[in-house]
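Here are the chains, one letter per residue:
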Amino acid sequence: MIAATSQANQLASSFDPVGIAAGPGWQRLLADAVTDPKELCSLLELDPALVLPAIAAAKGFALRVPRGYVARMRKGDPNDPLLLQVLPLAAELDVVAGFVTDPVGDLDRRAAQGLLHKYHGRALLVTTGACAIHCRYCFRRHFPYQDESALQQGWQAAIEHLRADPSVEEVILSGGDPWSLSDRRLKQLTDALQTLPHIRRLRIHTRYPIVLPERIDFGLLDWLRGVRLQKVVVMHANHARELDEPVRQACQRLASAGVTLLNQSVLLKGVNDSAAALAELSEALFETHVLPYYLHVLDKVQGSAHFDLAEARALELHRELLARLPGYLVPKLVREVAGEPSKTPVIGTAEPLAEH
Ligand SMILES: *Cc1c(COP(=O)(O)O)cnc(C)c1O
Ligand code: SF4
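Since the model is a prediction, treat every value here as computed from it, not as a measurement.

Helix and strand counts for the protein stand at 14 helices and 10 strands. For the protein, buried positions account for 52% of its 356 residues. Sequence separation of at least 24 residues holds for 82% of the intrachain contacts in the protein that already meet a minimum separation of 6. Just so you have it, the protein exposes about 16400 Å², and 54% of that area is on carbon and sulfur atoms.

Right, dumping it as structure tokens:
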């Protein structure tokens, strides 16, 4: 099977049990995403009054959503939890105290162009600014990708930094979404990383398995199978309804390529802020062979205040989850605090901690 991978490409049209060679190809689906608020509203039979505010809010951060993801939304429901993640709203233009452009201090922690090294043993590569979908709550929605992508110098500066630091055992491909890159670019990058003897693990932070599962095609699987590092994919689903049959099959393909699958979610008002919704998400993930990893408290990025929940409510929801589910289906509730040595667990304390 391993030796036959290039042959598998040629055979794809005749022998294709999972149906991944039949469609138009992920790049065409990506280019065909919905970017016009008017079209989105008409596809979903929504009130046309939503269009003008959406156009205004999309000026700063464009609407982008693949058609396969739109097809999972309920028609005529302006509160659909999938729609709310992508529809630009007038509320994004409100200036809200405490909501800033770089909430997690990324720009202070660049180790080389496009390389963020905040935590011991792992470093994060900003591989591209491109994403298959634009999530309105994204904490990197204001990130200066033009200046800060590691690709700009053919990965050179980032690779040299990693070469000089043997404490880094894991490289995280992030962005944007690293799977927006072509298979050829990905291979170029992992070939370079594999010349560094201290790198043991490759982690990929991506929304593609959820929002454009067609991306997980023969070419990508070929690349993954050829990478000899241990492989972890941390995907990003926020609601059980995001996980449909094509998503399940894409995850199955990833698992068959030797990848460990985890999920991170963001706690979002109106999308998944009930114990029932979060429990359903964990259960749907498990049915997809994916374990919940993190549940992030919203990073306070400008334009996302309408998704914010009080910390006390976040804790209450997390406690309900603990009481409802087996431990392995309860994600860790965390927040990102600039300057801390890891994501910070959100834990209830009856009184403020004493100084230490
Ligand atoms: C979140 C993050 C990581 C990964 O942290 P884990 O706790 O290992 O998942 C690594 N680097 C940066 C810069 C991050 O923001
Ligand atoms: S896919 Fe990830 S990086 Fe891209 S907009 Fe969504 S949350 Fe942000």
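Picking up where we left off.
Note the cis peptide between G175 and G176, where omega equals 15 degrees. Here G176 shows up in the loop between strand 4 (170–174) and helix 9 (183–193). Unusually for a residue other than glycine, E45 sits at a positive phi of about 55 degrees. Structurally, E45 can be placed in the loop between helix 3 (37–43) and helix 4 (51–58). The phi torsion at H289 lies on the positive side, around 65 degrees, for a residue other than glycine. Examined against the element boundaries, H289 turns out to sit in the loop between helix 13 (275–287) and strand 8 (291–296).

With that settled, the discussion passes to the site of ligand 1. Taken together, the neighbourhood of ligand 1 is formed by L116, K118, Y119, R122, L124, I172, R203, Y293, Y294, E336 and K343. Note that an oxygen atom of ligand 1 is positioned 2.7 Å from one of the side-chain N or O atoms of R203. Here an oxygen atom of ligand 1 sits 3.0 Å away from a polar atom, N or O, in the side chain of K343. Notes on ligand 1: free accessible area 390 Å², of which the protein chains cover 94%.

Two elements in contact, helix 13 and helix 14 (residues 311–324), have axes whose closest approach is 9 Å; the angle formed by their N-to-C orientations is 50 degrees. Taken together, the axes of helix 13 and helix 14 lie oblique to each other. By crossing handedness, the relation of helix 13 to helix 14 is classed as right-handed. Between helix 13 and helix 14, the contacting residues are A275, A276, L278 and A279 on the first element and L317, E320, L321 and R324 on the second. In the contact of helix 13 with helix 14, the residues fall into 6 nonpolar, no polar and 2 charged.

Before going further, it helps to spend a moment on a nonpolar patch on the surface. On the surface, a nonpolar cluster with roughly 290 Å² of combined accessible area is contributed by F286, L291 and Y328. With respect to the helices and strands, L291 occurs in strand 8. Its relative accessible area of 34% is what places L291 among the partly exposed residues.

A few words on the pattern of salt bridges. What the rule picks out here adds up to 21 salt bridges. The shortest N-O distance in the salt bridge between R67 and D32 comes to 3.2 Å. Placement of R67 in helix 5 (residues 67–70) and of D32 in the loop between helix 2 (26–31) and helix 3 is noted, with a sequence separation of 35 residues between them. Here D308 and K300 are joined by a salt bridge, their closest N and O atoms 2.8 Å apart. Taking relative accessible area as the criterion, D308 reaches 19% and is therefore assigned buried.

What follows is about the site of ligand 2. With respect to spatial proximity, the complete set of residues near ligand 2 consists of C131, I133, C135, C138, G176, R207 and H236. Partitioning the shell around ligand 2 into residue classes produces 4 nonpolar, 2 polar and 1 charged.

Let's shift gears to the confidence of the model for the protein. Averaged over all residues, the pLDDT of the protein equals 90, while 90% of them reach at least 70. Across residues 1–15 the pLDDT falls below 50, and counting only partners more than four positions away or on other chains, this stretch makes 7 contacts in the model.

Core analysis: the biggest nonpolar cluster contains 77 residues, and V65 and W179 have the highest contact counts within it. Residue contributions to this core reach at least three from each of two domains, namely domain 1 (2–93) and domain 2 (106–345). Those residues in contact with V65, other than ones at most four positions away along the chain, are A33, V34, L40, V70, M73, V86 and I133. Of all hydrophobic cores here, the second largest spans 16 residues; its members include L267, A275, L315 and L317.

Let's shift gears to helix 11 (residues 218–226). Of the positions making up helix 11, those classed as buried are L220, L221, W223 and L224. When helix 11 is viewed along its axis, its buried side chains cluster within an angular range of 160 degrees and face the same direction. Close packing links the buried residues of helix 11 with helix 9, strand 5 (201–205), strand 6 (230–235), helix 12 (245–256) and strand 7 (259–266).

This next bit is on the packing of aromatic side chains. The geometry of an aromatic ring pair is captured by two quantities: the separation of the ring centres and the angle between the planes. A full pass over the atoms with the stated rule returns 4 aromatic pairs. With 5.9 Å between their ring centres and 90 degrees between their planes, Y137 and F307 make a pair best called edge-to-face. Of this pair, Y137 sits in the loop between strand 3 (122–126) and helix 7 (145–148) while F307 sits in the loop between strand 8 and helix 14, placing them 170 residues apart in sequence. A residue is classified by how much of its surface remains accessible, and Y137, at 5% relative accessible area, is buried. Take F307: its relative accessible area is 3%, and that puts it in the buried class. Ring centres of F286 and Y328 lie 5.5 Å apart, and the angle between their planes is 55 degrees; on these two criteria the pair is classed as tilted. Placement of F286 in helix 13 and of Y328 in the loop between helix 14 and strand 9 (332–335) is noted, with a sequence separation of 42 residues between them. The positively charged end of R215 is found above the aromatic ring belonging to W26, 3.8 Å away from the centroid.

Cut-offs and rules
Residues numbered from 1 in each chain as written. Chains lettered and ligands numbered in written order. Predicted model: local features only at pLDDT ≥ 70, side-chain atom pairs only at ≥ 80, totals over all residues. Heavy atoms only, no water. Helix = DSSP H or I, 4+ residues; strand = E, 2+ residues; numbered from the N terminus. Buried < 20%, exposed > 50% of the residue type's maximum accessible area, 1.4 Å probe, protein only. Contact = heavy atoms within 4.5 Å. Areas by Shrake-Rupley, 256 points an atom, 1.4 Å probe, with all protein chains shown as cover. Near = heavy atom within 4 Å. Polar contact = N/O pair within 3.5 Å; in protein donor to acceptor, adjacent residues only side chain to side chain. Axes fitted to C-alpha atoms, helices over the stretch in contact; angles between N-to-C directions. Parallel < 35°, antiparallel > 145°, perpendicular 65-115°, else oblique. Left-handed = near helix turned anticlockwise from the far one by under 90°. Nonpolar A, V, L, I, M, F, W, Y, C, P; charged D, E, K, R; others polar. Patch = residues over 30% accessible without salt bridge, like charges linked within 9 Å, V, L, I, M, F, W, Y side chains within 5 Å. Salt bridge = Lys/Arg side-chain N within 4 Å of Asp/Glu carboxyl O. pLDDT = per-residue confidence, 0-100. Core = buried A, V, L, I, M, F, W, Y, C linked by side-chain atoms within 4.5 Å. Domains from an automatic or database assignment. Arc of directions from axis to C-beta. Phe/Tyr/Trp six-rings, centres within 6.5 Å; stacked < 30°, edge-to-face > 60°. Lys NZ or Arg CZ within 6 Å of the ring centre and 35° of its normal.

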